[in-house]
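Observations on chain architecture
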Number of protein chains: 2
Amino acid sequence: MPRNRGFIFATRPTRDNPAGAHNFQLFERDTDELAEGEALVRNHYLSLDPYMRGRMNAAASYAAPQALGEVMTGRTVGEIVASRHPRFAVGDFVNLTGGWQIFSKSDGGDMRKIDAQSAPMQAYLGALGMPGVTAWYGLRQIIAPKPGETVVVSAATGAVGSVVGQLAKIADARVVGVAGGAQKCAYARDELGYDACVDHRAPDFAALLKAALPNGIDGLFENVGGAPFAQSMRNLNAFARIAVCGLVASGYDGTPTPLADMRVMLDKRATMRGFIVSDHMDLWPRALRELGAYAKSGQLKWRESVAQGIDSAPDAFFAMLKGGNFGKQLVKLV
Amino acid sequence: MPRNRGFIFATRPTRDNPAGAHNFQLFERDTDELAEGEALVRNHYLSLDPYMRGRMNAAASYAAPQALGEVMTGRTVGEIVASRHPRFAVGDFVNLTGGWQIFSKSDGGDMRKIDAQSAPMQAYLGALGMPGVTAWYGLRQIIAPKPGETVVVSAATGAVGSVVGQLAKIADARVVGVAGGAQKCAYARDELGYDACVDHRAPDFAALLKAALPNGIDGLFENVGGAPFAQSMRNLNAFARIAVCGLVASGYDGTPTPLADMRVMLDKRATMRGFIVSDHMDLWPRALRELGAYAKSGQLKWRESVAQGIDSAPDAFFAMLKGGNFGKQLVKLV
């Protein structure tokens, strides 16, 4: 059996010793023999996603914490290289929770085949996978913009945000992005079709945001939290809908994202909903069908940040949490 | 024409000169002659409601501010004593925005007849009026409790809260009240049927609340805000619904009710909605029909705090904002 290489989650971050690459430990070992009903996957891409940071904490958020001493969790795409599973054959391309490693064994429970002909396989980790369905759910099921309404999207060029923005344009909304830096903002406007994009690092961010919102905010898709979120909340219209998808800028290390005054919820008769896309598995087939059609027609684009080799995973992960990525963060393993 | 007496809204509260009875000015004057299409009402009861405090501020919240120099707004019930209106005859009992005064002229625009036989007329200012419909909307349309779920209601014995609690019991929920003082809590349990009620003035409120919530909170009907609200937010279950109806304890004087960390919305995939019942006039007939039926069957009870005479209105109003009332706050004018 081939030699495997990957990362164990070795220690939890603490207040005194914040999260970092030191929490992971590189391993190298032979893969086990397959039992009946198992298949072996050679992973081609690993997806790095903000939710992983939450799993590193001992306090469970919506999911159980990552177990210490085990391979760090993560979705991968790859190819079946050996199989004793009746539904998977050598050469099949698949999407699974393969973890931060090159080879993964699976009993098929959370593995499904992907069509590596109609889209690059790594798209099933992004716009045609969990981040895409996340975007679809929050925009369609929570914000549900009417034509002409204004939707604000934070982390506007990220794996989730970029799909939110494009779906909102397809729904004929006015779409305003919030992103870190001029380059991301230019991409949001020029490539993704945002009507405006505001750099949250700009010293006059509050004024720039307000200027980009002549008609206020009807829908807010929040991926980040922190100070930019507070500014968005100051621009809500009556009956605004706020989809809370992530609070990556502030929450994982125990820095809260407060809402300064609940009164805005009452004055604006606003609706705020936190959501996790895995609660809504029943809607995945519909979402993936729609996203696939938009990708095929060219209405849905995406961009990737690709780190090379499994050894780069920890550094790439923490760089992403600080906004260092530009589009969907992947690690190429082949 | 008869002599009228009431209160003008004379000055706005400011940071340096907080709201108080001094903002109102007693007047006495003859009522005007009726024009064609007008009717004159002798008000029997004036309703005092927390929303009035918001109207006193210059910054409009969800409604336009109360105009200076005009009769202070408020719903009343009374009897037609003179009429040049085709739909209203002398002797009809009516519900209208009559204001803080004994006699009101109306063109019928926001006046409707009430059935003073099947319920005491002042009930149409409480459980069978705006507060009742407010309770109905927040509980049925936002919280929508399933049998066995736990619903928490703040200001549990107030005009709105008492109806929320009883409707939640009718829906077979476990219902926990939060109220100020042992007497109100005893009434909530013994008369209104709450499963438990916790005194927010108790020094160990947080522990008492937690003990009353062995299964956490699925629905939170928030009338008050402030520190008790923050405690409730610490006990949410996954998929909790929070109906934000009022923040009377904290908000009107510019003291915010913060949400310490938005992360709870994400971790619990919670939904929070602020609402104003006047946005949902289409549902009033259905709500009033149901509330009337529950009142008739004895499943819906209420309690009143009645101040005597129009001159008592300002003091009764500010006492209510501090929780001095016990049940629906009224002013008896006849």
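For chain A, the helix and strand inventory stands at 9 helices and 15 strands. The C-alpha atoms of chain A give 20 Å as radius of gyration, which agrees with the globular expectation for 334 residues (20 Å, within 12%). For chain A, the residues scored as buried account for 50% of the 334 residues in total. At a minimum sequence separation of 6, the contacts of chain A that also span at least 24 residues come to 66%.

This next bit is on the sheet that holds strand β12 (residues 236-244) of chain B. Read across the sheet, 12 strands follow the order β10(A)-β9(A)-β8(A)-β11(A)-β12(A)-β13(A)-β13(B)-β12(B)-β11(B)-β8(B)-β9(B)-β10(B) without closing on themselves; strand pairing throughout is mixed. Of all strands in the sheet, those with a lone pairing partner are β10 (196-199) of chain A together with β10 (196-199) of chain B, marking the two edges. For this sheet the average axis-to-axis angle between neighbouring strands, irrespective of direction, equals 15 degrees. By the bridge criterion, 4 bridges tie strand β9 (residues 174-179) of chain A to β10(A) in an arrangement that is parallel. Bridging across to β10(A), A:Ala179 finds its partner in A:Asp199. On top of the sheet, helix α3 (residues 161-170) of chain A reaches β8 (150-154), β9 and β11 (217-222) of chain A; it is set at about 170 degrees to β8(A), its chief contact. Running at roughly 170 degrees to β10(A), helix α4 (residues 182-190) of chain A makes contact with β9 and β10 of chain A of the sheet.

Before going further, it helps to spend a moment on the interface of chain B and chain A. Chain B puts 27 residues into the contact, and the matching count from chain A is 27 residues. When residues of the side of chain B that touches chain A are traced back to their parent elements, those giving at least two are α7 (263-267) and β13 (271-274) of chain B. Pairing of strand β13 (residues 271-274) of chain A with β13(B) involves 3 bridges; the strand directions are antiparallel. Residue pairing for β13(B): A:Met272 is matched across the bridge by B:Met272.

The next point concerns the relation of the copies chain B and chain A. The two copies are related by a screw operation: chain B maps onto chain A through 180 degrees of rotation and 0.0 Å of translation along the axis, at an RMSD of 0.1 Å. Look at the turn and shift together and you get a two-fold axis relating the two. When the interface residues of chain B are mapped onto chain A, 100% of them again fall at the interface, so both copies present the same face.

Time to look at the environment of B:Ala63. Topologically, B:Ala63 is positioned in the loop between α1 (51-55) and β4 (76-83). Measuring from C-alpha to C-alpha, the distance between B:Ala63 and B:Ile276 comes to 9.7 Å, with 213 residues separating the pair along the chain.

What follows is about the nonpolar core. Ranked by internal contacts, the top residues of the largest apolar core, which has 190 residues, are A:Ala313, A:Val331, B:Ala313 and B:Val331. Setting aside anything within four residues of it in sequence, one finds B:Val331 in contact with B:Tyr45, B:Leu46, B:Leu48, B:Ala307, B:Ile310, B:Ser312, B:Ala313 and B:Ala316.

The next point concerns the environment of B:Leu288. Residue and element names in this part refer to chain B. Among the structural elements, Leu288 can be located in helix α8 (residues 284-297). Of the residues examined, Leu288 has 16 C-beta atoms within 10 Å and is grouped as partly exposed. For the pair Leu288 and Ala144, spaced 144 residues apart in the sequence, the C-alpha separation amounts to 17 Å. For Leu288, the contacting residues outside a window of four places in its chain are Leu128 and Val133.

Now for the domain arrangement of chain A. All names here are of chain A. Domains assigned within chain A are domain 1 (3-125 + 302-332) and domain 2 (130-278). Averaged C-alpha coordinates put domain 1 and domain 2 at centres separated by 28 Å. Looking at the side of domain 1 that touches domain 2, its residues break down into 7 nonpolar, 4 polar and 5 charged.

All names here are of chain B. One can describe the packing of helix α2 (residues 130-143) onto α8 by two numbers: an axis separation of 9 Å at closest approach and a directional angle of 100 degrees. As judged from the angle between their axes, α2 and α8 are roughly perpendicular. Contacts between α2 and α8 involve Gly132, Val133, Trp136 and Tyr137 from the former and Trp284, Ala287, Leu288, Glu290 and Leu291 from the latter. Classifying every residue of the contact of α2 with α8 by side-chain character gives 7 nonpolar, 1 polar and 1 charged.

In this model, chain A carries an average pLDDT of 94, and 97% of its residues clear a pLDDT of 70 or more. The ipTM value of the predicted complex is 0.89, and its pTM value is 0.91.

Another point: the packing of α2(B) against helix α3 (residues 161-170) of chain B. All names here are of chain B. Relative to each other, α2 and α3 sit at 45 degrees, their axes nearing to 8 Å. With respect to each other, α2 and α3 are oriented oblique. At the point where α2 passes α3, the crossing takes the right-handed sense. Residues Pro131, Gly132, Ala135, Trp136, Gly138 and Leu139 of α2 form the contact with α3, whose own contacting residues are Val163, Val164, Leu167 and Ala168. Residue composition of the contact of α2 with α3, grouped by class: 8 nonpolar, 2 polar and no charged.

Turning our attention to the pairing of strand β9 (residues 174-179) of chain B. All names here are of chain B. Among the 6 residues that make up β9, 6 are buried, leaving the element largely enclosed by the rest of the structure. Both faces of β9 are covered, namely the face carrying Arg174, Val176 and Val178 and the face carrying Val175, Gly177 and Ala179. Examined bridge by bridge, strand β8 (residues 150-154) and β9 share 5 bridges and lie parallel to one another. Residue pairing in the sheet places Ser154 in a bridge with Val178 of β9. The parallel pair β8 and β9 is bridged by α3, and the resulting crossover is right-handed. After leaving β9, the chain enters helix α4 (residues 182-190) and then returns to the sheet as β10, a path that is right-handed.

Scoring rules and cut-offs
Residues numbered from 1 in each chain as written. Chains lettered and ligands numbered in written order. Predicted model: local features only at pLDDT ≥ 70, side-chain atom pairs only at ≥ 80, totals over all residues. Helix = DSSP H or I, 4+ residues; strand = E, 2+ residues; numbered from the N terminus. Rg over C-alpha atoms; globule rule 2.2 N^0.38 Å. Buried ≥ 20, exposed ≤ 12 C-beta atoms within 10 Å, placed from the backbone. Contact = placed C-beta atoms within 7 Å. Pairing = 2+ DSSP bridges. Axes fitted to C-alpha atoms, helices over the stretch in contact; angles between N-to-C directions. Least-squares fit on C-alpha atoms with pLDDT ≥ 70 in both. Core = buried A, V, L, I, M, F, W, Y, C linked by C-beta atoms within 7 Å. Domains from an automatic or database assignment. Nonpolar A, V, L, I, M, F, W, Y, C, P; charged D, E, K, R; others polar. Parallel < 35°, antiparallel > 145°, perpendicular 65-115°, else oblique. pLDDT = per-residue confidence, 0-100. Left-handed = near helix turned anticlockwise from the far one by under 90°. Right-handed = clockwise from strand over helix to strand, strands pointing away.

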